[in-house]
Amino acid sequence: ETGVTQSPTHLIKTRGQQVTLRCSSQSGHNTVSWYQQALGQGPQFIFQYYREEENGRGNFPPRFSGLQFPNYSSELNVNALELDDSALYLCASSPGTSGTRGETQYFGPGTRLLVL
Amino acid sequence: GQQLNQSPQSMFIQEGEDVSMNCTSSSIFNTWLWYKQDPGEGPVLLIALYKAGELTSNGRLTAQFGITRKDSFLNISASIPSDVGIYFCAGSARRSQGNLIFGKGTKLSVKP
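Residues numbered from 1 in each chain as written. Chains lettered and ligands numbered in written order. Predicted model: local features only at pLDDT ≥ 70, side-chain atom pairs only at ≥ 80, totals over all residues. Heavy atoms only, no water.

Participant: Tell me about the overall build of chain A, and name the residues and values.
Facilitator: Looking only at helices and strands, chain A has zero helices and eleven strands in total. The linear arrangement of helices and strands in chain A, starting from the amino end, is β-β-β-β-β-β-β-β-β-β-β. The C-alpha atoms of chain A give 13 Å as radius of gyration, which agrees with the globular expectation for 116 residues (13 Å, within 12%). Along the first, second and third principal axes, the C-alpha atoms of chain A reach 45 × 25 × 25 Å. Across the 116 residues that make up chain A, the buried fraction comes to 51%. (Helix = DSSP H or I, 4+ residues; strand = E, 2+ residues; numbered from the N terminus. Rg over C-alpha atoms; globule rule 2.2 N^0.38 Å. Buried < 20%, exposed > 50% of the residue type's maximum accessible area, 1.4 Å probe, protein only.)

Written as structure tokens, this is what we have:
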């Protein structure tokens, strides 16, 4: 069974640029969630995708957008990067909304983004 | 954003000692999860709790879902050096929408 994978592992961008981060969900999982983790903090929920539709969004501006593909992999896009966007971006997959354990989320290793 | 109250913030203990940490929330959760995160890596799921009062073990780790559904604790017995890391609690309020709310973490250091 393949776990959650993310690419790239590290990325350096300058303010104002755009970035795309990618995530492949764990085998059998149809739900993908994205989180931002600043240094010394717990992860903060950005949004979740279930069967290619957005299924909830946290308190992040519209320049954070996402996609989910038919194979359940996902992308996180951030436009007009700001210095405060520097963080570890985590992707998590879960079995989905079927059953009471659908929300149990398994995380990938993350993408470390540095905005200069 | 919203976060859980997790304590203690950090612990420095001797190898072999038992460890206890907890999380409290002002609102009810349907699911409590405990994760461990090593530097530069993603959180790894340790224990998942789905029912109020549930007590679950995973090796030397034991966690409980509080009866009020507003708290949870994690115990580690006979700590070893590889237990070092940051432990996060996370809660989910809605079964059909699994956005997790995280605590700020408990940093555990173990002295051999």
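Participant: Explain the state of the cysteines to me, and be specific about the residues and the numbers.
Facilitator: All names here are of chain A. One pass over the full model with this rule turns up two disulfides over all chains. For Cys-23, the disulfide goes to Cys-91, at an S-S distance of 1.8 Å. For the disulfide bridge between Cys-23 and Cys-91, the dihedral angle about the S-S bond is near -60°, and by the sign convention the bridge is left-handed. You can see Cys-23 sitting in strand β3 (residues 19-24) and its partner Cys-91 sitting in strand β9 (residues 87-94), a full 68 residues away along the chain. (Disulfide = S-S within 2.5 Å.)

Participant: Requested: an account of the sheet that holds strand β7 (residues 64-68) of chain A, with residues and values cited.
Facilitator: Within a sheet, neighbouring strands are paired by backbone hydrogen bonds and run either parallel or antiparallel to one another. Residue and element names in this part refer to chain A. Taken together, the four strands give an open sheet; going across it, the order is β1-β3-β8-β7, and neighbouring strands pair in antiparallel fashion. Of all strands in the sheet, those with a lone pairing partner are β1 (5-7) and β7, marking the two edges. Averaged over neighbouring strand pairs, the angle between their axes works out to 20° when direction is ignored. (Pairing = 2+ DSSP bridges. Axes fitted to C-alpha atoms, helices over the stretch in contact; angles between N-to-C directions.)

Participant: Describe in detail the sheet that holds strand β3 (residues 19-24) of chain B, supporting the description with residues and values.
Facilitator: All names here are of chain B. Judged by pairing direction, the sheet is antiparallel, and its five strands sit side by side in the order β1-β3-β8-β7-β6 without closing on themselves. Lying at the two open borders of the sheet, with one neighbouring strand each, are β1 (5-7) and β6 (55-58). Going from strand to strand, the sheet's axes swing by 15° on average, the running direction of each strand aside. The pairing of β6 with strand β7 (residues 61-65) spans four bridges and is antiparallel. Residue Leu-55 lies in a different strand from β7, and its bridge partner there is Gln-64.

Participant: Requested: an account of the pattern of salt bridges, with residues and values cited.
Facilitator: On inspection of all chains with the given rule, the structure shows six salt bridges over all chains. Here Glu75(A) and Arg22(A) are joined by a salt bridge, their closest N and O atoms 3.5 Å apart. In this pair, Glu75(A) is assigned in strand β8 (residues 74-78) and Arg22(A) in strand β3, connecting sequence segments 53 residues apart. Asp83(B) serves as the salt-bridge partner of Arg60(B), at 2.8 Å between the closest nitrogen and oxygen. (Salt bridge = Lys/Arg side-chain N within 4 Å of Asp/Glu carboxyl O.)

Participant: Can you lay out the packing of aromatic side chains for me, pointing to particular residues and giving the numbers?
Facilitator: Under the definition given, this model contains ten aromatic pairs over all chains. For the pair Phe47(A) and Tyr49(A), a centre-to-centre distance of 5.4 Å together with 85° between the ring planes defines the contact as edge-to-face. Neither Phe47(A) nor Tyr49(A) differs from the other in exposure class; each is buried. Considering the side-chain rings of Phe88(B) and Phe102(B), the 6.2 Å spacing of their centres and the 80° angle between planes classify their relative orientation as edge-to-face. On the criterion of sequence distance, the pair formed by Phe88(B) in strand β9 (residues 85-92) and Phe102(B) in strand β10 (residues 101-102) is long-range, its members being 14 residues apart. Across this residue pair, the class does not change: Phe88(B) and Phe102(B) are buried. Ring-pair connections join several aromatic residues into one group, and the members of that group are Tyr35(A), Phe45(A), Phe107(A), Tyr35(B), Phe88(B) and Phe102(B). (Phe/Tyr/Trp six-rings, centres within 6.5 Å; stacked < 30°, edge-to-face > 60°.)

Participant: Could you give an account of unusual backbone geometry, naming the residues involved and the relevant values?
Facilitator: Trans is the prevailing form of peptide bonds, just as negative phi is the prevailing case for residues other than glycine. Note that the residue after Ser7(A), namely Pro8(A), is joined by a cis bond; omega there is -10°. Here the amide bond leading from Ser7(B) into Pro8(B) is cis, since omega sits at -5°, within 30 degrees of zero. Examined against the element boundaries, Pro8(B) turns out to sit in the loop between β1 and β2 (10-14). Positive phi outside glycine occurs at Ala78(B), with the angle close to 45°. Following the sequence through the fold, Ala78(B) ends up in the loop between β8 (71-76) and β9. The exposure class of Ala78(B) is partly exposed, given its relative accessible area of 37%.

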